[in-house]
Amino acid sequence: MIEVSERNYFIEMKTYIVYFSSLPMCCNTGSSDSVVPDLPVPTISAPSRWVWDQEEERKRQERWQKEQDRLLQEKYQREQEKLREEWQRAKQEAERENS
């Protein structure tokens, strides 16, 4: 199992690598006018006791999936109700035109 702090550390380090690689290269030409910009230094925190729990993650994903299914079902029911109302209006309008 990968500890959460280790995973966060690697994500943080990747962020810094991408950030630093996007900066222009600074070269010291021997001139005293050369200035190296102040760059943020990553902080390394002590590892915590949190451990990645695959079972808990699976349960979280299942809860998320159920919520997405519920929202989709509600949306479907609202759309069906709108279609029913539209059909009723069209039916009533057709009956008035035929009368």
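Everything that follows concerns the structure shown earlier in this document.
This is a predicted model, so every value here is computed, not measured.

Thresholds, definitions, all that
Residues numbered from 1 in each chain as written. Predicted model: local features only at pLDDT ≥ 70, side-chain atom pairs only at ≥ 80, totals over all residues. Heavy atoms only, no water. Helix = DSSP H or I, 4+ residues; strand = E, 2+ residues; numbered from the N terminus. Buried < 20%, exposed > 50% of the residue type's maximum accessible area, 1.4 Å probe, protein only. Contact = heavy atoms within 4.5 Å. Areas by Shrake-Rupley, 256 points an atom, 1.4 Å probe, with all protein chains shown as cover. Salt bridge = Lys/Arg side-chain N within 4 Å of Asp/Glu carboxyl O. Expected span 1.5 Å × (residues − 1). Polar contact = N/O pair within 3.5 Å; in protein donor to acceptor, adjacent residues only side chain to side chain.

I'd like a rundown of the overall build of the protein, residues and numbers included.
For the protein, the count of helices and strands is 2 helices and 0 strands. Counting the 99 residues in the protein, one finds 3% classified as buried. Once local pairs closer than 6 in sequence are excluded, the contacts in the protein between residues at least 24 apart make up 70%. Of the roughly 9,600 Å² of accessible surface on the protein, a fraction of 56% belongs to carbon and sulfur atoms.

Explain the pattern of salt bridges to me, using residue names and the numbers behind them.
Side chains bearing opposite charge may pair, as long as their charged atoms lie close to each other. Under the definition given, this model contains 7 salt bridges. Its salt-bridge partner being Glu 62, residue Arg 58 comes within 2.4 Å of it at the nearest N-O pair. Taken together, the positions of Arg 58 and Glu 62, both in helix α2 (residues 54-98) and 4 residues apart, correspond to about one turn of that helix. A salt bridge links Arg 70 to Glu 67, with the nearest nitrogen and oxygen atoms 2.5 Å apart. Taken together, the residues Arg 70 and Glu 67, both in helix α2 and 3 residues apart, mark about one turn of the helix. Classification of Arg 70 by relative accessible area gives partly exposed; the value is 38%.

Provide a residue-level description of α2, including the pertinent values.
Here α2 spans 65 Å end to end across 45 residues, near enough to the 66 Å set by a 1.5 Å rise per residue. Put simply, Asp 53 is the residue that caps the front of α2, since its side-chain oxygen is 3.1 Å from the backbone nitrogen of Glu 55.

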